[in-house]
Amino acid sequence: MKKTSCEKKSSGFKNWFVDAGRDLRKNKSIYLLMVPGILFYIVFCYAPMYGVLMGFVDYSPARGILGSEWVGLKYFKEFFGGMYAWRVIRNTLVINLYSLIFVFPMGIILALMMNELRSMKFKKTIQTTTYLPHFISLVVVCGMVVDFTSSSGLITNIVNAITGKNYTNLLYEVDMYRGIYIVSSAWKNFGWNSIIYMAALSGIDMELYEAAQIDGAGKWKQLLHITIPGILPTVVTMFILQIGQMMTIGHEQTILLYNPVVYEKADVISSFVYRYGLENAQFSYSTAVGLFNSLVNVILVFAANKLSKKVTGSGIF
């Protein structure tokens, strides 16, 4: 007697649960290792998503989220109808685009350069020197930048000597803020970013280089035809993840470096949300802006992944 489609589905689910239970009993120690990671995402990523409702209500701490009046898209309309929407969106995109053009390739270039070093002592010295800034507190790094760009700072004196001008504080110069932000961000992170590319380079089969040398290929051709194709999947993955953050800039560095004089080119979505949400206590308004930012990031990730699959044939999902 033939089974109906419902019976087949029921039987399939039953078999799946039986197999899953058997695998769980067999590898329970491995599954236990997953528990801290799962709990982390539940507590810090999924549970807070309940707070997204604040963007659709006139939130009052006394009434709570569910007790507050439902206002729908009021705060989204208020943001896009305001005078600061285009400014913060433009600044966020421009700074991230600069980071994508100048900072992102630096980790790749550093990894490729260190891969060609034959002196292990010199290689370790370069690695330690470039990795070290990543472990320095961002507050300390920004404090150094503020001191170096002050009226008597080293960088300010060098710029004044080169340009012949008399800048008093570079962080108060609107046209210089983005450059200072990108350079300080690159100095802190490019060494650390190269680690993943160094790992990808270590996975390339050395026999490919030996075969290329036998065929008469020089270093440049080996780089173009072996090294870069070997790390391309890793580069594509990191590029997609970077594109997914095009509307996101950590508010910490921005808040530690910017000031009202340079808001025109320095104020980004994350700092705008911080200012309105925590300083001005406009919780619903800032939540709506933050939710818009997250939705755009998700769309960018899917778009970049689809484009990558069409161009290179690989993606992250």
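Our subject is the structure listed above.
Here is a short report on the structure shown in this document. (Residues numbered from 1 in each chain as written. Predicted model: local features only at pLDDT ≥ 70, side-chain atom pairs only at ≥ 80, totals over all residues. Heavy atoms only, no water.)

**Some remarks on the packing of aromatic side chains**
Applying the stated criterion across every chain yields a total of 19 aromatic pairs. When the centroid spacing of 5.9 Å and the interplanar angle of 65 degrees are considered together, the rings of Phe104 and Phe239 count as edge-to-face. Of this pair, Phe104 sits in helix H5 (residues 85-115) while Phe239 sits in helix H11 (residues 219-243), placing them 135 residues apart in sequence. Accessibility expressed as a relative area gives 14% for Phe104, which makes it buried. The exposure class assigned to Phe239 is partly exposed, which follows from its relative accessible area of 36%. Both rings, one in Tyr258 and one in Tyr263, keep their centres 4.9 Å apart while their planes meet at 45 degrees; by these two values the pair is tilted. Taking relative accessible area as the criterion, Tyr258 reaches 12% and is therefore assigned buried. Residue classification places Tyr263 among the buried residues on the basis of a relative accessible area of 19%. Connected via pairs of aromatic rings, a cluster forms that spans Phe79, Phe80, Tyr84, Phe272, Tyr276, Tyr285 and Phe292. Positioned over the ring face of Tyr263 is Arg275, at 4.6 Å from the centre of the ring. (Phe/Tyr/Trp six-rings, centres within 6.5 Å; stacked < 30°, edge-to-face > 60°. Helix = DSSP H or I, 4+ residues; strand = E, 2+ residues; numbered from the N terminus. Buried < 20%, exposed > 50% of the residue type's maximum accessible area, 1.4 Å probe, protein only. Lys NZ or Arg CZ within 6 Å of the ring centre and 35° of its normal.)

**Some points on the layout of surface pockets**
Reported here for the largest pocket is a volume of approximately 970 Å³. Contributions of two or more residues to the lining of the largest pocket are made by H5, helix H9 (177-202), H11, helix H12 (251-257) and helix H15 (283-311). Sorting elements by how many residues they give to the lining of the largest pocket places H9 first, with nine residues. Split by residue class, the lining of the largest pocket holds 15 nonpolar, 14 polar and two charged. There is about 450 Å³ of room inside the second largest pocket. What lines the second largest pocket is a set of 17 residues, among which Val273, Gly290, Leu291, Asn293 and Ser294 lie closest to the centre. Put simply, the parts of the chain that give the lining of the second largest pocket at least two residues each are helix H14 (269-279) and H15. The element best represented in the lining of the second largest pocket is H15, accounting for eight residues. Across the lining of the second largest pocket, the residue classes tally to seven nonpolar, ten polar and no charged. (1 Å grid on protein atoms, 1.4 Å probe; cavity = no way out; pocket = protein on both sides within 12 Å on 5 of 7 lines; lining within 4 Å. Points joined across faces, edges and corners; volume = space filled by probe spheres on them. Nonpolar A, V, L, I, M, F, W, Y, C, P; charged D, E, K, R; others polar.)

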